[in-house]
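# Summary of the model geometry
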Protein chains: 2
Amino acid sequence: MSPSIEDVARRAGVSIATVSRSLRGLPDVAESTRDRVLTAARELDYVASPFAARLASGRTSTVGVVVPFVDRWFFAQVLGGLERELQAGGFDLLLYNLGDTPGRERFFTVMPARKRVDALLVASLVLTDMELEALKTLNCPIAMLGVEVEGVLCTGIDDRAGARVAVEHLISLGRRSIALIGGDTEDPMRFTPPLYRRDGYLQALSAAGIEYDPRMDELGYFTVAGGEQAMSTILQREPRPDAVFAESDEMAYGAMRAIRRAGLRVPEDIAVIGFDDHESAELLDLSTIRQDVSAQAGVLAKRLLNVLAGETETATAELLPTELVVRGSTDPSRSSY
Amino acid sequence: MSPSIEDVARRAGVSIATVSRSLRGLPDVAESTRDRVLTAARELDYVASPFAARLASGRTSTVGVVVPFVDRWFFAQVLGGLERELQAGGFDLLLYNLGDTPGRERFFTVMPARKRVDALLVASLVLTDMELEALKTLNCPIAMLGVEVEGVLCTGIDDRAGARVAVEHLISLGRRSIALIGGDTEDPMRFTPPLYRRDGYLQALSAAGIEYDPRMDELGYFTVAGGEQAMSTILQREPRPDAVFAESDEMAYGAMRAIRRAGLRVPEDIAVIGFDDHESAELLDLSTIRQDVSAQAGVLAKRLLNVLAGETETATAELLPTELVVRGSTDPSRSSY
DNA sequence: GTGAAAGCGCTAACAT
DNA sequence: ATGTTAGCGCTTTCAC
């Protein structure tokens, strides 16, 4: 067996309480005593049993992280940012990947995180009232990435402003006939980006005195294939747009493909801009709105740890900046080919 | 406070030992007794405290997962596959993301997984002897994805065979002058794919009676930029290849870019094939060797759980199949444009 | 088939 | 500043 706190106590010639205090850096321990304990612990290669500590203290030093899909770019970024902060704060990261709708239901009914976490971090999931209720029974702080909910810690970006900047960029290039490829605003999942990004698009148009044209507005469902489909549909109609704002890079990829298949050129005939600055955006020479997902996750984790440390948070939502990245899909002089 | 095992025992009119046995599905409990206990537990909405159970039993029901970078496609896939199996097996997944070299060192010296996991799963990391030694002090089963080590569970693919198939495909198209863009076989990290994939390339050439030409062989460092650089270098030399095998899709993207920038056409002038079937490979119309990373991870997790369940594994390494995916970068008739 | 009781290895309240 | 002690909520051995 590995050494227990008693072994350390014996070796250091103190009680187990003193060992506990010394090792956890609590006050009211004489410097010399602490040194003796630390030395003894090192010599024995002692590590406290986290489970015994958790049982005794009631704290788990663990944060549960809930993501809809780990294997998507966005959520992988999230996980990276979270892991860094949590590790640094001495917290374990327990991963819950919902995967699909049955998986999602299972999570919210079985509640596998019960009695295992000090806090829960939910990434970009818009929860139903029932789901939110379920989480609240965990009786622990909840933080959400990118989704504002009353009484819940939130970090994200200003999707509306980002979309506005994207469309303003197109307008500044002299484009006036700007299509929109977006997500379903009526989707029962109620992802927020489609709502806000569309809003920014409309704001930018109206600020430039351009009238919104429903013939230029198609659903791309946040996938490459959807974006391609949407663009094809738009291209079959009159008038032809001279630019497209896609609410995600994936949809923008699809749109570019549809445009080229139609024998048109990007950006000469139609300029394309996306949103996210996905890894492959540079590769495909796509102009876009960059957001630092990992940073958002990091900030959120840090705030959550502060709350766990007892600090009272004032703000509930914190927004990080986005940045326009101009590439060849809107500006031919920047083209990498 | 949430109900404890005593509350359940009281309500069911049995002892806590019986509650424990009933809830865990152990034998030697009368059917009627078990029913009473299950009912009581349900009525109280009881869930056992995992930490108390772990402290008492010494088992953690947790598997530690070590990845070099969560935010890369490959490892995100791995995580998805692992989470599914572990969750299904009732195990918690504790995530350790190394991130960089200091992070790696920290992990292997601090050993944050100590006393927290029943087993460790390491994804595609070739460990130094010291690192392996460190892991062994955890005294628990170890499984590695894609890396064969004596006495360690392993699942992966046959990189050599995959590479051979890729190059054979190029040869079957009538190409004879086939360049290689790969990883550094001398890299101190000693990733295995560069070694094996290069080997497969050489085997295929030699089987076809084609002589290896070092002027056609450049390092691409498994990045897009590296692939582009390597291809440019090769294109500056004589003779010009009529095909390229890149050891990863990313490097293939870079190669395609370099080829087009040089005013040449893919695949007419130079056919390009990659490896992995990265998400964006289809988008970029890249022929490649598909591997199902998530399945590899799933299989490995399952095998690990079997070992934890006491079954003795016979085989140490298990290889999953790869598949040639032909797209427009080698076959113009399949081009999506 | 069921129960009593001794831990598991810590933390925290209280005493000194 | 340090020690004593009573839990934390289970599992497991050993009786019965």
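It should be emphasised that the depicted structure is a prediction, and the values quoted were computed from it without experimental measurement. (Residues numbered from 1 in each chain as written. Chains lettered and ligands numbered in written order. Predicted model: local features only at pLDDT ≥ 70, side-chain atom pairs only at ≥ 80, totals over all residues. Heavy atoms only, no water.)

### Section: the environment of Arg290 of chain B
Residue and element names in this part refer to chain B. With respect to the helices, strands and loops of the structure, Arg290 is situated in strand 10 (residues 288-291). Not counting residues within four places of it along the chain, the set of residues in contact with Arg290 comprises Asp276, Asp277, Thr322, Glu323, Val325 and Arg327. Side-chain polar atoms of Arg290 contact the side chain of Asp277, separated by 2.7 Å. (Helix = DSSP H or I, 4+ residues; strand = E, 2+ residues; numbered from the N terminus. Contact = heavy atoms within 4.5 Å. Polar contact = N/O pair within 3.5 Å; in protein donor to acceptor, adjacent residues only side chain to side chain.)

### Some thoughts on helix 9 (residues 192-207) of chain A
All names here are of chain A. Here helix 9 contains 16 residues, and its C-alpha end-to-end distance of 23 Å stays within 8% of the 22 Å for a straight helix at 1.5 Å per residue. Of all the residues in helix 9, the buried ones are Thr192, Pro193, Pro194, Arg197, Arg198, Gly200, Tyr201, Ala204 and Leu205. Buried residues along helix 9 sit in contact with strand 5 (153-157), helix 8 (159-172), strand 6 (178-182), strand 7 (217-219), strand 8 (243-246) and strand 10 (288-291). (Expected span 1.5 Å × (residues − 1). Buried < 20%, exposed > 50% of the residue type's maximum accessible area, 1.4 Å probe, protein only.)

### Quick word on the nonpolar core
Core analysis: the biggest nonpolar cluster contains 52 residues, and Leu79 of chain A together with Leu79 of chain B have the highest contact counts within it. Ignoring any residue separated from it by four or fewer positions in sequence, one finds Leu79 of chain B in contact with Val70, Leu79 and Leu95 of chain A together with Val65, Val67, Val70 and Leu95 of chain B. (Core = buried A, V, L, I, M, F, W, Y, C linked by side-chain atoms within 4.5 Å.)

### What about the protein's contact with DNA strand D?
Among the 27 residues in the neighbourhood of DNA strand D, the closest are listed as Ser15, Ala30 and Thr33 of chain A together with Ser20 and Arg59 of chain B. Those atoms of DNA strand D that come within 4 Å of the protein belong to sugar or phosphate at a rate of 69%. Contacts to DNA strand D include Ser20 of chain B, whose side-chain N or O atom sits 2.3 Å from a phosphate oxygen. Take Ser49 of chain B: an N or O atom from its main chain is 3.5 Å from a phosphate oxygen of DNA strand D. At the level of elements, helix 2 (16-23) and helix 4 (50-57) of chain A together with helix 2 (16-23) and helix 4 (50-57) of chain B are the ones that each hand at least two residues to the surface near DNA strand D. For the surface near DNA strand D, the leading source of residues is helix 4 of chain B, giving four residues. Its residues assigned to classes, the surface near DNA strand D shows 15 nonpolar, eight polar and four charged. (Near = heavy atom within 4 Å. Nonpolar A, V, L, I, M, F, W, Y, C, P; charged D, E, K, R; others polar.)

### Structural notes on the environment of Arg11 of chain A
All names here are of chain A. Along the chain, Arg11 falls in helix 1 (residues 5-12). Residue Arg11 is classed as partly exposed on the basis of its relative accessible area, which comes to 49%. Along the primary structure Arg11 and Thr39 are separated by 28 residues, whereas in three dimensions their C-alpha atoms are 9.4 Å apart. Non-local contacts of Arg11, meaning those with residues more than four positions away in its chain, are made with Ala40, Glu43 and Leu44.

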